[in-house]
Amino acid sequence: MNFEEKLNKGFELLREKDIDYALDVARELQKEQPDSHEAWYLEALVMQQLNQWSHSIEAIEKALELDDDNAAYYNLRGNVRMQLEKLDGAEEDFDKAIELSDTSAAHRNKVMLMLMTDRGQEAIPYLIERIKKDPKDAENWILMGDMINKGGQTDKARTYYEQALKIDPENEYAKRQLEDDEI
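All figures in this text were calculated on a predicted structure; none of them were measured in a lab.

Chemist: Sorry if this is basic, but what is going on with the overall build of the protein here?
Modeler: What the protein contains, in helices and strands, is 11 helices and zero strands. What you see in the protein, going N to C, is helices and strands ordered as α-α-α-α-α-α-α-α-α-α-α. Dimensions along the principal axes, computed over C-alpha positions, put the protein at roughly 55 × 30 × 25 Å. Sequence separation of at least 24 residues holds for 42% of the intrachain contacts in the protein that already meet a minimum separation of 6. Counting every atom, the protein has about 10200 Å² of accessible surface; 44% of that belongs to carbon and sulfur.

Have a look at this one:
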């Protein structure tokens, strides 16, 4: 198996929740090609799954040393920083990920960070703008539904969850929210 095939196998193992073997693959790839940022990224994802945040941040920072132009790496580091409650650094990472590649995941994480830092009034217009820009992203509709639901407007929240299901009929979270008696 060549490097690329092994790397793909590692990501597949991670998706299948075969965490130990995915970590073995990441470390084997790092030995084969120490300058492979992808192998460090795989390790960072594995460590995130294991809730080993300090190890995850070490690995993602190594990946960023090798490839500092990768939005996914900044987004992952922002997530890890949120877990470590390094919120200023997390926001910088999400902003950098958005700058590099206008990814919806980084925008959603930025909204979550706004909510964690009591900036809900800033998050709502930001999320409305995201929905206008990408109306087919079900996660934005769900996030807006969650914010509105927490604000006590259950009928309005229901419409956001319903819209999310129109876009992604298999979305289990939106289904559960609509099945909840309070919505």
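Following the structure, the description resumes.
Chemist: What is the right way to look at unusual backbone geometry in this model?
Modeler: Glycine aside, residues mostly have negative phi angles, and peptide bonds mostly take the trans form. Residues other than glycine seldom take positive phi values, yet Lys 17 does so here, at roughly 65°. With respect to the element layout, Lys 17 can be found in the loop between α1 (3-15) and α2 (19-32). With phi around 60°, Glu 85 is a residue other than glycine that occupies positive phi space. Looking at the element boundaries, Glu 85 is found in the loop between α5 (71-83) and α6 (87-100).

Chemist: Where do I start with the side chain of Glu 43 in this structure?
Modeler: Positionally, Glu 43 belongs in helix α3 (residues 37-49). On the accessibility criterion, Glu 43 (7% relative accessible area) is buried. Side chain to side chain, Glu 43 and Gln 30 meet in a polar contact 2.7 Å long. Beyond its immediate sequence surroundings of up to four residues, Glu 43 is in contact with Leu 23, Ala 26, Arg 27, Gln 30 and Ala 59.

Chemist: Looking at this model, I keep getting lost on the packing of aromatic side chains. Mind explaining?
Modeler: Note on aromatic pairs: each is described by the distance of the centres and the angle between the planes. Following the criterion strictly, the structure yields three aromatic pairs and no others. Ring geometry for Tyr 41 versus Tyr 73: centroids 4.7 Å apart, planes at 35°, classification tilted. You can see Tyr 41 sitting in helix α3 and its partner Tyr 73 sitting in helix α5, a full 32 residues away along the chain. The exposure class of Tyr 41 is buried, given its relative accessible area of 18%. Ring geometry for Trp 141 and Tyr 160: centres 5.6 Å apart, planes at 35°, overall tilted. Taken together, the residues span a long stretch of sequence, with Trp 141 in helix α9 (residues 138-150) and Tyr 160 in helix α10 (residues 154-167) at a distance of 19 residues. Per residue, the accessibility class of Trp 141 equals that of Tyr 160, and both read buried.

Chemist: Any chance you could explain the packing of α6 against helix α7 (residues 104-116) here in plain terms?
Modeler: Between α6 and α7, the shortest axis-to-axis distance is 9 Å and the interhelical angle comes to 155°. The angle between α6 and α7 falls in the class roughly antiparallel. Like other packed secondary-structure pairs, α6 and α7 cross with a definite hand, here left-handed. In contact with Leu 87, Ala 90, Glu 91, Phe 94, Asp 95, Ala 97 and Ile 98 of α6, α7 contributes Ala 106, His 107, Asn 109, Lys 110, Leu 113 and Met 116.

Reading guide: rules and limits
Residues numbered from 1 in each chain as written. Predicted model: local features only at pLDDT ≥ 70, side-chain atom pairs only at ≥ 80, totals over all residues. Heavy atoms only, no water. Helix = DSSP H or I, 4+ residues; strand = E, 2+ residues; numbered from the N terminus. Contact = heavy atoms within 4.5 Å. Areas by Shrake-Rupley, 256 points an atom, 1.4 Å probe, with all protein chains shown as cover. Buried < 20%, exposed > 50% of the residue type's maximum accessible area, 1.4 Å probe, protein only. Polar contact = N/O pair within 3.5 Å; in protein donor to acceptor, adjacent residues only side chain to side chain. Phe/Tyr/Trp six-rings, centres within 6.5 Å; stacked < 30°, edge-to-face > 60°. Axes fitted to C-alpha atoms, helices over the stretch in contact; angles between N-to-C directions. Parallel < 35°, antiparallel > 145°, perpendicular 65-115°, else oblique. Left-handed = near helix turned anticlockwise from the far one by under 90°.

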